[in-house]
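In case you want the letters, here they are:
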Amino acid sequence: MKYLKYLVLGILFGIILTKSEVISWFRIYEMFRFQSFHMYGVIGSTVLIGMLGLQWIKRKNIHSIYGQPIQIADKKMSVSRYLIGGTIFGLGWALTGACPGPMFVLLGNGFVVILVAIAAALVGTYVYGALRHKLPH
Amino acid sequence: MNEFIEFLSQPWPWYIAGPLLALVMLLLIYFGNTFGVSSNFRTMCSIGGAGKKIPFFDFNWKSQVWNLVFILGAFLGGLVTTMFLMPDTAVGISETTKSELISYGIQNPGEQMLPSQIFNLESLFTVQGLIMIIGGGFLVGFGTRYAGGCTSGHAITGLSNLQLPSLIAVIGFFIGGLLITNLVMPYLLAV
């Protein structure tokens, strides 16, 4: 039962991403060509509301559903890791037109070929894990 | 009820989608977790036994089951939408984008979520299919783990939490994305 809430949130996530066309390759192409405000509006308003919500959670010292204090771990500072890793991800994002979340939503929308992209992403993650100690972080 | 379904069936503008996505992120935090879809790739590698050879995958993946359930939900959300809430599959991209893509040889841009002439099983082993689906997927998996997160972990959660590392990662996302879409795509699509 404790997993039911994650299933419901995931379903909501899938509906939002489909109805707002965020899962569309065309929307990602359009975003990187600066030909529409749509994607910037989605990401921008998510971050704005998210920022206000997180500030509120911190100020009010809200506890989680299980009564634990809410702590969001700070990310360890580095430039190379985030810039190189982020750029590699960006290359893939523009090619597939999908980041990881939308891949699973597209599959639900019936685009079976995306299974191949997910499999390739698993291989990519595996190769990163294998080469990790040799890469600048 | 029918009117409500009809209302939901229209495309959703950004100012509806954005706040709802923020709600999903905040509820996950309220449940004691952090929003991050790409971690699931690592979890799946671990379940597949990659931890035996590579220490990076040797962790207690059972703590990540909630996240697998979340993406199962995302899959079902896509399924529910396409079955009941999607009378029109067209994507409302701009006319500029459409005519540009037509000039690169894309047929009926925006008619479906994806350019179906490339994203299908038959085209998988064409130059475009190999680079965009297999190559792109690989780079997504490699890059997200290298950067420690994707759009959900860095662009949404990290930026909302005012994390400088996430801002650097998002700048990287755009460097990579702008390079491909502006410099590579015109040639790749015209192959």
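Residues numbered from 1 in each chain as written. Chains lettered and ligands numbered in written order. Predicted model: local features only at pLDDT ≥ 70, side-chain atom pairs only at ≥ 80, totals over all residues. Heavy atoms only, no water.

An unreviewed UniProt entry annotates chain B as YeeE/YedE family protein originating from Membranihabitans marinus. In UniProt, chain B has this text filed under Subcellular location (unreviewed entry): "Cell inner membrane". (UniProt positions renumbered as here; feature names shortened; annotations may be inferred.)

Going by an unreviewed UniProt entry, chain A carries the name YeeE/YedE family protein and comes from Membranihabitans marinus.

Chemist: Can you help me understand the pattern of salt bridges in this one?
Modeler: Between side chains of opposite charge, pairing is possible as soon as their charged atoms come close. Tallying each qualifying case throughout the model produces four salt bridges over all chains. A salt bridge links Arg-33 of chain A to Glu-100 of chain B; the shortest N-O distance between them is 2.8 Å. One end of the pair, Arg-33 of chain A, is in the loop between helix 2 (25-32) and helix 3 (38-59); the other, Glu-100 of chain B, is in helix 5 (residues 95-103), on a second chain. Owing to a relative accessible area of 28%, Arg-33 of chain A belongs among the partly exposed residues under this scheme. Owing to a relative accessible area of 14%, Glu-100 of chain B belongs among the buried residues under this scheme. (Salt bridge = Lys/Arg side-chain N within 4 Å of Asp/Glu carboxyl O. Helix = DSSP H or I, 4+ residues; strand = E, 2+ residues; numbered from the N terminus. Buried < 20%, exposed > 50% of the residue type's maximum accessible area, 1.4 Å probe, protein only.)

Chemist: What exactly am I supposed to notice about the interface of chain B and chain A here?
Modeler: A common way to report how large an interface is uses the accessible area buried once the components associate. If you look at the interface, chain B gives 125 residues, while chain A gives 107 residues. Between chain B and chain A, a total of about 10,400 Å² is buried, with carbon and sulfur atoms accounting for 79% of that surface. Its largest share of buried area at the contact with chain A, chain B owes to Trp-14, Met-113 and Tyr-146 of chain B, together 8% of the area lost on that side. The interface formed by chain B and chain A contains one salt bridge. Across the contact surface, chain B and chain A share 31 residue pairs in polar contact (both at pLDDT 80 or more). Within the residue set of the side of chain B that touches chain A, elements represented by two or more residues are helix 1 (2-9), helix 2 (14-30), helix 3 (39-47), helix 4 (65-84), helix 5, helix 6 (127-147), helix 7 (151-160) and helix 8 (164-190) of chain B. (Contact = heavy atoms within 4.5 Å. Buried area = accessible area lost by both parts, 1.4 Å probe. Polar contact = N/O pair within 3.5 Å; in protein donor to acceptor, adjacent residues only side chain to side chain.)

Chemist: I'm lost on the packing of helix 1 (residues 4-19) of chain A against helix 2 of chain B in this one. Help?
Modeler: When two helices pack together, you describe them by how their axes are tilted relative to each other and by the distance separating the axes. Viewed as axis vectors pointing N to C, helix 1 of chain A and helix 2 of chain B meet at an angle of 160 degrees, and their least axial separation amounts to 10 Å. Considered as vectors, helix 1 of chain A and helix 2 of chain B are oriented roughly antiparallel to each other. For the element pair helix 1 of chain A and helix 2 of chain B, the recorded crossing hand is left-handed. On helix 2 of chain B, the residues that touch Tyr-6, Leu-9, Leu-12, Phe-13, Ile-16 and Leu-17 of chain A of helix 1 of chain A are Ala-17, Leu-20, Leu-21, Val-24, Leu-27 and Leu-28 of chain B. Of the residues contributing to the contact of helix 1 of chain A with helix 2 of chain B, the split by class is twelve nonpolar, no polar and no charged. (Axes fitted to C-alpha atoms, helices over the stretch in contact; angles between N-to-C directions. Parallel < 35°, antiparallel > 145°, perpendicular 65-115°, else oblique. Left-handed = near helix turned anticlockwise from the far one by under 90°. Nonpolar A, V, L, I, M, F, W, Y, C, P; charged D, E, K, R; others polar.)

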